[in-house]
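Take a look at the letters that make up each chain.
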Amino acid sequence: MPATAANKPLVIGLTGGIGSGKSAASEYFARLGIDIVDADIVAREVVEPGSDALLSIAQYFGPKILLADGSLDRVQLRNIIFSAPKEKTWLESLLHPLINQRLREQLISATSAYVVFSSPLLLETPQHQLTDRIVVVDCTPEIQIQRAAARDNMKRYQVEAIMATQINRAERLSRADDILMNQGSLQELATQVLKLHQQYLAAATKSSDNPRHD
Ligand code: ADP
């Protein structure tokens, strides 16, 4: 049955620090037929060439903020806002309402038994309010650094700088309803995802058996 505003799907928020394995975990949920709403993808969509937001950014920072193909030069933008809090605030006040609107639309139109909402900043922003339950992908900071550095060809200090903008491991874990411990193999991660999937399916079935009377 497709979800409607009155029959909103169960939303599982999935988060974790950079390199913890969010994308890997999302991929396993997707293979089980679960719709994924990914905050990183939505954040890119709202500034696609032709979008109003990209036009506003080009007017504010000047056309040098665009690459030759007309798309946003994310590396340059990241460097600007990293050292200029005022510019970061301006950008966030433009993009956050657009991103949140689109996230809500995607979550409400999910058609799988439940939906996974993956976001690196789920707990740092009001995005967690869109979720019914939170699963944290966890590993040691050292493993995070090694994985993220290898994946993105970054130096250790660059990964550490991003980690410093995210909440710390203890606080993240304290806010988790469920934890995917990702310090072993990808197969071990997939096994844990399958177990949670079965729990979430059961929870989703139960809540659709007892529709809310509002
Ligand atoms: P995130 O989305 O949290 O930043 P990713 O899922 O992209 O993290 O994982 C970071 C990198 O580590 C990726 O290249 C991914 O393939 C790899 N990775 C994730 N989990 C494991 C694991 N259990 N074993 C080996 N490599 C892993």
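Structural data are supplied above this passage.
One structure accompanies this document, and this report is about it.

**Considerations on the packing of aromatic side chains**
Evaluated as defined, the whole model comprises six aromatic pairs. A centroid spacing of 4.8 Å and a plane angle of 80° characterise the contact between Tyr60 and Phe61, whose relative ring orientation is edge-to-face. Among the residues examined, Tyr60 registers a relative accessible area of 34% and is labelled partly exposed. On the basis of relative accessible area, Phe61 is assigned to the buried category, the value being 8%. Each member of the aromatic cluster is reached from another via a ring pair, and the members are Phe29, Tyr114 and Tyr200.

**Some words on the packing of helix α4 (residues 74-83) against helix α5 (residues 85-108)**
Look at α4 against α5: their axes get within 5 Å of each other, and the N-to-C directions meet at 120°. As far as their axial angle goes, α5 and α4 are oblique. Within the contact between the two elements, α4 uses Leu77, Ile80, Ile81 and Ser83 and α5 uses Pro85, Glu87, Lys88 and Leu91.

**Side note on the sheet that holds strand β3 (residues 114-118)**
Strand order in the open sheet made by the five strands is β2-β3-β1-β4-β5, with parallel pairing throughout. Each end of this open sheet is capped by a strand with a single partner; those strands are β2 (35-38) and β5 (178-181). Across this sheet, the average inter-strand angle for adjacent strands is 25°, counted without regard to direction. Direction of pairing for strand β1 (residues 10-15) relative to strand β4 (residues 133-138): parallel, over a ladder of four bridges. Paired with Thr15 across the strands is Val136, a residue of β4. Where helix α1 (residues 22-31) meets the sheet, its contacts fall on β1, β2, β3, β4 and β5, and the angle it forms with β1 comes to roughly 150°.

**Looking at the site of the ligand**
Near the ligand you find 14 residues, and of these Gly19, Lys22, Ser23, Arg151 and Asn182 are the closest. Within the backbone of Gly184, a nitrogen or oxygen atom sits 2.9 Å from a nitrogen atom of the ligand. Of all the secondary-structure elements, those providing two or more residues to the shell around the ligand are α1 and α6 (141-152). Of all the elements, α1 adds the most residues to the shell around the ligand, at three residues. Partitioning the shell around the ligand into residue classes produces three nonpolar, eight polar and three charged.

Cut-offs applied
Residues numbered from 1 in each chain as written. Predicted model: local features only at pLDDT ≥ 70, side-chain atom pairs only at ≥ 80, totals over all residues. Heavy atoms only, no water. Phe/Tyr/Trp six-rings, centres within 6.5 Å; stacked < 30°, edge-to-face > 60°. Buried < 20%, exposed > 50% of the residue type's maximum accessible area, 1.4 Å probe, protein only. Axes fitted to C-alpha atoms, helices over the stretch in contact; angles between N-to-C directions. Helix = DSSP H or I, 4+ residues; strand = E, 2+ residues; numbered from the N terminus. Parallel < 35°, antiparallel > 145°, perpendicular 65-115°, else oblique. Contact = heavy atoms within 4.5 Å. Pairing = 2+ DSSP bridges. Near = heavy atom within 4 Å. Polar contact = N/O pair within 3.5 Å; in protein donor to acceptor, adjacent residues only side chain to side chain. Nonpolar A, V, L, I, M, F, W, Y, C, P; charged D, E, K, R; others polar.

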